[in-house]
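# Breakdown of the fold
Below are the chains, spelled out letter by letter.
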Amino acid sequence: MSQVFVSQHPLVLHKLTALRDISTDHRAFRELVRELALLLCYEATQDLHLAPKTVTTPMGLAQGHKAEERIGLVPILRAGLGLVEGVQELLPNVQVWHIGLYRDEKTLRPVEYYNRLPTEPTVQVCLVLDPMLATGGSAVATIDILKRWGVTRIKFLGLIAAPEGVERLTTAHPDVPIHVAAVDERLNEIGFIVPGLGDAGDRQFGT
Ligand code: PRP
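Summary of the structure given here. Just so you know, these numbers come straight off a predicted model, no measurement behind them.

Computed from the structure, the largest pocket encloses a volume of approximately 660 Å³. Lining the largest pocket are 27 residues, and of these A79, Y102, R103, S138 and D199 sit closest to its centre. Going through the elements one at a time, β4 (71-77), β6 (99-103), β9 (132-133), α4 (137-149) and α6 (200-205) are the ones with two or more residues in the lining of the largest pocket. Here the residues of the lining of the largest pocket are counted per class, giving 14 nonpolar, seven polar and six charged.

Written out as structure tokens, the structure is:
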């Protein structure tokens, strides 16, 4: 069963509002994307598998834990790039595997232009990173690629989703949890999320 987790954390809600604001400049926008990625990653990694680990403290032995899964971040180019840094602050040793997709402006279908995944999977868990889940086409296509690669544990981490994108992703991949800061009202006629935040790629990169 698919699960949709919409963060209720006050810091997420506060920062998301600043992110949406048309008066937020590119530099502040990038910083907010980084901070939101970190906060959402904290929530999205609550079920990571642990192995037991014993350490020696100054006072004796402590039974503890060690995160044991190999994790891959999969930013969808280009807007997903902005989420990488915040996640890496919590998960410094992850692999990053970029997937290049752009959305055809007329058909709204994703077009693949970059994929350098090796033949065999090198990670056990993938976090797909993309700030916007609009029609869901890009996320579904990326997760299709990752499943063909051989990864079975996949999560989607984004900032804002449209109900249409949530529906499409949960239908195509009901096993993939969706972690976002908000699910907005709708998509408009040109496939933008309303009220959303505009074009996440353009606002990060000043284009
Ligand atoms: C945007 C966004 C997602 C995609 C979402 O990327 O970053 O990747 O659209 O739309 P979907 O859910 O309908 O597929 P865009 O194609 O604008 O490319 P960019 O990231 O290079 O700006």
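After that view of the structure, there is still more to cover.
The topology assignment puts S7 in the loop between β1 (4-6) and α1 (10-20). Reaching out from S7, the side chain makes a polar contact with the side chain of E43 at a distance of 3.0 Å. Apart from the residues within four sequence positions on either side, S7 is in contact with V12, L13, L40, E43, V180 and A181.

The next thing to look at is the pairing of strand β7 (residues 110-115). Both β6 and β7 contribute to a ladder of five bridges, which runs antiparallel. Bridged to G100 within β7 is Y114. Counted between consecutive antiparallel strands, the loop separating β6 from β7 contains six residues, among which L108 sits at a positive phi close to 65 degrees.

Taken together, 13 residues sit near the ligand, with R103, D130, T135, G136 and S138 positioned nearest. D130 places a side-chain nitrogen or oxygen 2.5 Å from an oxygen atom of the ligand. A distance of 2.8 Å separates an oxygen atom of the ligand from a polar backbone atom of G136. Within the complex, the protein chains bury 89% of what would otherwise be the 500 Å² of accessible surface of the ligand. Residue assignment for the shell around the ligand shows that the elements contributing at least two residues are β6, β9 and α4.

Turning next to the packing of α1 against helix α2 (residues 26-44). Their axes nearest at 10 Å, the elements α1 and α2 cross at an angle of 155 degrees. Considering the angle they form, α1 stands roughly antiparallel to α2. For α1 against α2, the interelement crossing comes out left-handed. Side by side, α1 and α2 meet where L11, V12, K15, L16, A18 and L19 of the first sit next to F29, L32, V33, E35, L36, L39 and L40 of the second. A breakdown of the residues in the contact of α1 with α2 according to their chemical character gives 11 nonpolar, no polar and two charged.

Right, let's get into the sheet that holds strand β13 (residues 182-183). Strand order in the open sheet made by the three strands is β9-β11-β13, with parallel pairing throughout. Lying at the two open borders of the sheet, with one neighbouring strand each, are β9 and β13. Examined bridge by bridge, β9 and strand β11 (residues 160-161) share two bridges and lie parallel to one another. Counted as the bridge partner of M132 is I160 from β11.

Here we take up the pattern of salt bridges. What the rule picks out here adds up to nine salt bridges. Of the charged contacts in the structure, one is a salt bridge between D47 and K155, with a shortest N-O distance of 2.8 Å. With D47 in the loop between α2 and β2 (50-57) and K155 in strand β10 (residues 153-157), this residue pair connects regions lying 108 residues apart in the sequence. D47 gets classed as partly exposed once you look at its relative accessible area, which sits at 37%. On the basis of relative accessibility, which here comes to 5%, the residue K155 falls in the buried class. The residue R78 makes a salt bridge to D202 at a minimum N-O spacing of 2.9 Å. Here the residue R78 occupies a position in the loop between β4 and α3 (81-90), and D202 occupies one in helix α6, the gap between them amounting to 124 residues. Overall, R78 belongs to the partly exposed group, its relative accessible area being 34%. Judged by relative accessible area, D202 falls into the partly exposed class, the value being 27%. One network of salt bridges, in which partners are shared, links D47, E69, R153 and K155.

Reading the values: rules and limits
- Residues numbered from 1 in each chain as written.
- Predicted model: local features only at pLDDT ≥ 70, side-chain atom pairs only at ≥ 80, totals over all residues.
- Heavy atoms only, no water.
- 1 Å grid on protein atoms, 1.4 Å probe; cavity = no way out; pocket = protein on both sides within 12 Å on 5 of 7 lines; lining within 4 Å.
- Points joined across faces, edges and corners; volume = space filled by probe spheres on them.
- Helix = DSSP H or I, 4+ residues; strand = E, 2+ residues; numbered from the N terminus.
- Nonpolar A, V, L, I, M, F, W, Y, C, P; charged D, E, K, R; others polar.
- Polar contact = N/O pair within 3.5 Å; in protein donor to acceptor, adjacent residues only side chain to side chain.
- Contact = heavy atoms within 4.5 Å.
- Pairing = 2+ DSSP bridges.
- Near = heavy atom within 4 Å.
- Areas by Shrake-Rupley, 256 points an atom, 1.4 Å probe, with all protein chains shown as cover.
- Axes fitted to C-alpha atoms, helices over the stretch in contact; angles between N-to-C directions.
- Parallel < 35°, antiparallel > 145°, perpendicular 65-115°, else oblique.
- Left-handed = near helix turned anticlockwise from the far one by under 90°.
- Salt bridge = Lys/Arg side-chain N within 4 Å of Asp/Glu carboxyl O.
- Buried < 20%, exposed > 50% of the residue type's maximum accessible area, 1.4 Å probe, protein only.

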